Amino acid sequence: MSTGSVYTTEWLKKRVIEVISKQFGKSVKEASKKDMYFALANVVNSEIREKWQNTNKKYNENGHKQLYYLSMEFLIGRLLRNNLLNCGLLQVTEKVMEELGFQLDAILEEEEDAGLGNGGLGRLAACFLDSLASLKYPGHGFGIRYRYGLFEQRIIHGNQVELPDNWLTEPYPWETRKEDEAIIVQFHGNVHMFKRNDGSLEFKYENTDKVLAIPYDVPIVGYQNDTVNTLRLWSAEPIYYDKVDSLDDMFFRDLNHQHSIEQISGFLYPDDSSLEGKELRLKQQYFLTSATIQHIIKQFKNNYRLPLTRLHEKVVIQINDTHPTLAIPELMRILMDEERFGWDEAWEITTNVFAYTNHTIMEEALETWPIDLFKNLLPRIYMIVHEINERFCKRLWFDYPEMRERIPNMAIIAYGKIHMARLAMVGSFSVNGVAKLHTKILKEKVMNDFYTIEPHKFNNKTNGITHRRWLLQINPKLGNLITELIGPQWILRPKQMIHLLKYSKDRTILEKFDRVKNKNKQTLANYIYEQTGIKVDTSSIFDVHIKRLHEYKRQLLNVFHIIYLYHELKDNPNLDITPRTFIFGAKAAPGYHIAKEIIKLINSVATKVNNDPDVKDKLKVIFLENYNVSLAEKIIPAADVSEQISTASKEASGTGNMKLMMNGALTIGTLDGANVEICELVGKENMFIFGLKAEEVIAFYEQGGYDARDIYNTDDRIRRIMDLLNDGEFGKQSIEFKDIYYHILYHNDPYFVLKDFESYLEAHELIDQTYRDKYTWTHKSAVNIAHSGKFSSDQTIQEYVNDIWKIKKL
Ligand code: 26Y
């Protein structure tokens, strides 16, 4: 029996043996690692179940306000280790597995990595859920249960090949299907307007396509605190009617029908290069938002006996980027068409519950929809958005005469398109950016018009990461060392990590930090060998660049530096450089040609460099395929250098920068996103800052004055590298990388790779020199770790709670 969080090995052993026998009809000796994974998940689940029910009961009974976090992405990764740790079961499990002849680490590898997201935005949502539950806040995630997550990446002959991420071939032990809480979502159809006797308008929908949204609930276990929150993922299914005309009709209609409906929760980010693809994405967004808003209203009515005019007292809805913005007109629809509120009252209710987070200033990510597509798929929602726009534009015209010229740039519907960020800003009471610099750019540039009329809505919430996963779980050796030095309080109060500063000049302690890093590097080196057959030197600098592949993130700048070093060594094989291992992990969006070319270039350079005896052990380049949460967890504890080298102004925040810093890597970076705040904390002397500043980049964009060809013509190092792209050194054919070459020279190097090259080289030379002095390096590393508590998502969540959500702890 278990009492509280104290579990004994005898108890766990008995439970595991019991489950293996009952569930698989096997003895422990016969059980596979997979069996053991399912058995452990089963044990954890039965421990969670009661706490989950109790948490829900308390939330329902105590009348507290609830946060609903809506996101198209939740990149939760694996859950077993997390749940064992948070339930207080991790240590006993390690022991029991050993006694039963298993290795826990190997069992954990059996779990599918739930890749229901693409990058930072999705992982942020997952970190937030962890912090909410660990701080006992009533906050829940709502997303889509994609049948296939982000594609699985293979590298074949240097090229990215995408395979479907078929993550649900076996039962997913963490989810519970809740058929009785299904909700109907309607698309297409016609809308009819009637006048009621009291003169008010009534809207009726006809011939709509109805889809069932079935919830699958995943428990979000708080850190050893009995709180279990919920991540609700909706799955799309057809509705079966009892009455059908003929068996044949039913058969054919249903097959096609079923397929097209299941597609709604089929893939994350389906290809949207066709109109059908675009419609599917819009369908997904409405599917998520309609199901969630209907659910919220139902719950509000059940739990609080209050009029909907007081919705904002009990409900706050955070929309994670523009993707769930349709929640705004959907709530308006329900309030007016189902609850019979008039426009003004409905608008008052709506604009008091929504808060919007912007995650990017990149033009291509600011979503718009063609009017016709929108109107056809969501006719009633279109009418509402149209009306929101009319009223907003009128308000601009009459209340802000000085803004009249700006109306076309602010209108929600303009030039044939619906602008989702504008709708989100108009319909929310809060608009936030995700790092200080990013919020400043939103206010002063990208969203300046809106900031001018409603400055009170704008606020900053610098991102954070859960230190419990990104330090305690993935780097237990470092976690233990920290606890040994400052006690375990940092696990719930991460800012206490600052007390590590007093050891940052203590040579004996720094040696301990160093030993931890070396062991982690050895573990990664073993993994690299298993995956690629390449042996890397653990005394070399592990220089890590892991993130989505995008031009603005400038993996290309990194490769240019590698090519430069390679040439230096070829020209002078005795050159005294500190050996380096460059490690990359990155997926490129399937339709993003240049990004895929850059992946190919990294792999071609890797092949060349790794097989050249001239550079021997001084240079290695490793591209690890299929970058995802689980791979990040393997790489981060072993990193010495963290590459955060985006074109200044483009990276809204970054969160990989925080994860790497927390694990003792030193950052080479531009003053972009949260790098700026890392620098404020640790000081310029504890990182390697280089490159153009955000205002310089913006000035070039606005005023011109940069010509990439000038640099190409005058800098021999750059010309040599660029010309290689064209002469076949790194490819089978001479034209292999011409697209990158032309892209840079003929599109004038839009991300300033050439412009920042020299300053990047200098920063790398400084890294090379600094690493030679182990004491200095490890001192800087410890200073970074000590300050990283500031970037715990616990802190970020507390700021959201104080300034936006106003929810109370259980
Ligand atoms: C729908 C499509 C256009 C789209 C799909 C995904 C647009 C954007 C995204 C994802 C954006 C994203 O992941 N942004 C990242 O969010 C992180 C969390 O705030 C930031 O740290 C990071 O700088 C930003 O690139």
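Throughout what follows, the structure given in this document is the object of discussion. One numbering rule holds for all chains: residues counted from 1, following each sequence as written. At least 70 in pLDDT is required for a residue's local features to be given in this predicted model, at least 80 for side-chain atom pairs to be given and counted, and no such filter applies to totals for whole chains, interfaces and linings, which use all residues. No hydrogens and no water enter the side-chain calculation; it runs on all heavy atoms of the structure.

**A closer look at the overall build of the protein chain**
As a reminder, the rule being used: In this text, helices come from DSSP runs of H or I with a minimum length of four residues, and strands from runs of E with a minimum of two, each type numbered from the N-terminal end. Atoms considered for the radius of gyration are the C-alpha atoms alone. The globule rule reads 2.2 Å times the number of residues to the power 0.38. The contact criterion used throughout is that any non-hydrogen atoms of two residues lie within 4.5 Å. Surface accessibility in these figures is a Shrake-Rupley result with a 1.4 Å probe; residues are shielded only by whichever protein chains are displayed.
Per the secondary structure count, the protein chain includes 32 helices and 25 strands. Here the C-alpha radius of gyration of the protein chain, 27 Å, is about what a compact globule of 810 residues would show, namely 28 Å. A separation of at least 24 residues holds for 77% of the contacts in the protein chain among residues at least 6 apart in sequence. Carbon and sulfur atoms make up 49% of the accessible area of the protein chain, which amounts to about 32900 Å² in all.

**Structural notes on a positive patch on the surface**
Filter applied, for reference: A residue counts toward a patch only above 30% relative accessible area and without a salt bridge, and it is joined to like-charged neighbours within 9 Å or, for Val, Leu, Ile, Met, Phe, Trp and Tyr, to nonpolar neighbours within 5 Å. The salt bridge definition used is simple: a Lys or Arg side-chain nitrogen within 4 Å of an Asp or Glu carboxyl oxygen. Only four residue types enter the charge count: Lys and Arg as positive, Asp and Glu as negative, with His and the chain ends excluded. Where a charge lies is defined by one atom per residue type: Lys uses NZ, Arg uses CZ, Asp uses CG and Glu uses CD. Burial classes: relative accessible area under 20% of the type maximum marks a residue as buried, over 50% as exposed, and values in between as partly exposed (1.4 Å probe, protein chains only).
Together, Lys58, Lys136, Arg493 and Lys809 make up a positively charged patch on the protein surface. With respect to the element layout, lysine 58 can be found in helix H2 (residues 33-61). Among the residues examined, lysine 58 registers a relative accessible area of 45% and is labelled partly exposed.

**So, unusual backbone geometry**
Positioned with a positive phi, arginine 340 is a non-glycine residue whose angle comes to about 65°. With relative accessibility at 55%, the residue arginine 340 sits in the exposed group. The backbone of phenylalanine 752 sits at a positive phi, close to 60°, despite the residue not being glycine. Looking at the element boundaries, phenylalanine 752 is found in the loop between helix H29 (738-746) and helix H30 (753-771). The class of phenylalanine 752 is buried, set by a relative accessible area of 3%.

**Topic: the site of the ligand**
Convention followed: For this description, a residue counts as near a given molecule or strand if any of its non-hydrogen atoms is within 4 Å of it. N or O atoms closer than or at 3.5 Å make up a polar contact, with two conditions inside protein: a donor-capable atom paired with an acceptor-capable one, and, for residues adjacent in sequence, both atoms drawn from side chains. Residue classes follow a fixed rule: Ala, Val, Leu, Ile, Met, Phe, Trp, Tyr, Cys and Pro count as nonpolar, while Asp, Glu, Lys and Arg count as charged, and any other residue, Gly among them, counts as polar.
Close contacts around the ligand come from 19 residues, with Leu121, His359, Asn463, Glu651 and Gly654 the closest. Within the backbone of alanine 652, an N or O atom sits 3.3 Å from an oxygen atom of the ligand. At 3.0 Å, a backbone N or O of serine 653 approaches an oxygen atom of the ligand. By residue class, the composition of the shell around the ligand is 7 nonpolar, 8 polar and 4 charged.

**Here we look at the pattern of salt bridges**
Tallied over the entire structure, the rule returns 55 salt bridges. A salt bridge links glutamate 202 to lysine 204; the nearest nitrogen and oxygen atoms lie 4.0 Å apart. Between glutamate 702 and lysine 445 there is a salt bridge; the shortest N-O distance is 3.2 Å. Placement of the pair is glutamate 702 in helix H26 (residues 694-703) and lysine 445 in helix H16 (residues 436-446), with a sequence separation of 257 residues. Because the salt bridges share partners, they merge into one network encompassing Lys178, Glu181, Asp217 and Arg232.

**Some thoughts on the environment of asparagine 83**
Position of asparagine 83 relative to the elements: it lies in helix H3 (residues 80-87). In sequence terms asparagine 83 and glutamine 224 are 141 residues apart; their C-alpha atoms lie 9.6 Å from each other. Ignoring any residue separated from it by four or fewer positions in sequence, one finds asparagine 83 in contact with Val44, Ile48, Trp174 and Val221.

**Topic: the side chain of threonine 647**
Structurally, the position occupied by threonine 647 is in the loop between strand E23 (641-644) and helix H24 (656-662). If we ignore the near neighbours within four places in the chain, the residues touching threonine 647 are Tyr552, Arg554, Asp672, Val697, Tyr701, Tyr751 and Phe752.

**Section: helix H1 (residues 9-24)**
What counts here: In this analysis, the expected span of each helix is defined as 1.5 Å times one less than the number of residues it contains. An arc is given here, and it is the one of the directions from the helix axis to the C-beta atoms.
With 16 residues, H1 extends 22 Å from end C-alpha to end C-alpha; this agrees with the ideal 22 Å at 1.5 Å per step. Regarding H1, the residues found buried are Thr9, Trp11, Leu12, Arg15, Val16, Val19 and Ile20. Projected down its long axis, H1 carries its buried residues within an arc of 155°, all on one side. Turned more than 90 degrees away from the buried face of H1, the exposed residues are Glu10, Lys14 and Lys22. At its buried positions, H1 is contacted by H2 and helix H4 (90-99).

**Some thoughts on the sheet that holds strand E24 (residues 666-669)**
To be explicit about the condition: Two strands are said to pair when DSSP picks up at least two bridges between them.
If you walk across this open sheet you meet the 6 strands as E22-E21-E20-E23-E24-E25, and the pairing is parallel. A single partner strand is all that each edge strand has here, and the edge strands are strand E22 (619-623) and strand E25 (688-689). With 6 bridges connecting them, strand E20 (residues 541-546) and strand E21 (residues 580-585) associate as parallel partners. Across the sheet, residue isoleucine 541 finds its bridge partner in E21, namely arginine 580.

**Quick word on the packing of helix H11 (residues 343-350) against helix H13 (residues 379-399)**
Quick note on the threshold: In this description, a line fitted to the C-alpha atoms serves as the axis of each element, helices being fitted only across the stretch in contact, and the angle between N-to-C directions of two axes falls anywhere from 0 to 180 degrees. In what follows, roughly perpendicular refers to angles from 65 to 115 degrees, roughly parallel to angles under 35, roughly antiparallel to angles over 145, and oblique to any angle outside these ranges.
Where H11 meets H13, the closest approach of the two axes is 13 Å, and the angle between their N-to-C directions is 90°. The angle between H11 and H13 places the two elements in the roughly perpendicular class. Taking contact as the criterion, the partners of Trp343, Asp344 and Trp347 in H11 are, on H13, Ile384, Glu387, Ile388 and Arg391. Along the lines of polarity and charge, the residues of the contact of H11 with H13 split into 4 nonpolar, no polar and 3 charged.

**Describing the sheet that holds strand E15 (residues 368-370)**
To summarise the sheet geometry, strands pair through backbone hydrogen bonds and adopt either a parallel or an antiparallel arrangement. Pairing is antiparallel across the open sheet formed by 3 strands, whose spatial order is E15-E17-E16. Single-partner strands in this sheet number two, and they are E15 and strand E16 (413-414). When E15 meets strand E17 (residues 417-419), the two strands line up antiparallel, connected through 3 bridges. Its bridge partner lying in E17, threonine 368 is registered against histidine 419.

**Here's the deal with the state of the cysteines**
The line we're drawing: Any two cysteine sulfur atoms lying within 2.5 Å of each other are counted as a disulfide.
Following the criterion strictly, the structure yields 0 disulfides and no others. Cysteine 87 takes part in no disulfide bond, and the closest cysteine sulfur, belonging to cysteine 127, lies 19 Å away. Judged by relative accessible area, cysteine 127 falls into the buried class, the value being 1%.

**What to know about the side chain of lysine 547**
As for its position among the elements, lysine 547 is in the loop between E20 and helix H21 (555-571). Within the buried set, lysine 547 has no salt-bridge partner at all; the shortest N-O distance to an opposite charge, 4.6 Å, is to glutamate 651.

**So, the packing of helix H22 (residues 593-610) against H29**
Selection rule: Take the far helix as the reference: if the near one is turned anticlockwise from it by less than a right angle, the crossing is left-handed, and if turned clockwise, right-handed.
Interaxial distance between H22 and H29 falls to 9 Å at its minimum, and their mutual angle equals 125°. In terms of their interaxial angle, H22 and H29 are classed as oblique. Crossing of H22 over H29 shows left-handed handedness. On the side of H22, the interface is formed by His593, Ile594, Glu597, Ile598 and Leu601, while H29 contributes Asp739, Ile740 and His743. Grouping the amino acids of the contact of H22 with H29 by side-chain chemistry returns 4 nonpolar, 2 polar and 2 charged.

**Comments concerning the nonpolar core**
Side chains that are nonpolar tend, in soluble globular proteins, to be buried together. Note the cut-off: For this analysis, a nonpolar core means a set of buried residues of the types Ala, Val, Leu, Ile, Met, Phe, Trp, Tyr and Cys, connected via side-chain atoms within 4.5 Å.
In terms of nonpolar packing, the biggest core is built from 278 residues, with Met97, Phe287, Ile317, Phe374, Phe560, Met722 and Trp805 touching the most fellow members. Apart from residues no more than four positions distant in its own chain, isoleucine 317 is found in contact with Tyr68, Leu70, Ile293, Ile296, Val353, Phe354 and Ala355.

**A word on the packing of aromatic side chains**
Our working definition: Put simply, two rings from Phe, Tyr or Trp (the six-membered ring, in Trp's case) pair if the centres are within 6.5 Å, and we call them stacked under 30 degrees between planes, edge-to-face over 60, tilted for the rest.
Applying the stated rule across the entire model yields 25 aromatic pairs. Note on phenylalanine 392 and phenylalanine 450: the rings are 5.9 Å apart at their centroids and 10° apart in plane angle, and the pair reads as stacked. Placement of phenylalanine 392 in helix H13 and of phenylalanine 450 in helix H17 (residues 448-453) is noted, with a sequence separation of 58 residues between them. Pairing tyrosine 771 with tryptophan 777 gives two aromatic rings, centres 4.9 Å apart and planes at 80°, and the pair type is edge-to-face.

**Topic: helix H25 (residues 675-682)**
Residues of H25 that are buried include every one of Asn675, Glu677, Ile678, Cys679 and Val682, and no others. Looking at the buried residues of H25, the elements they touch are H16, E23, H24, E24, E25 and helix H31 (774-787). Positioned one or two residues after H25, glycine 683 has a phi angle of 90°, which is positive.

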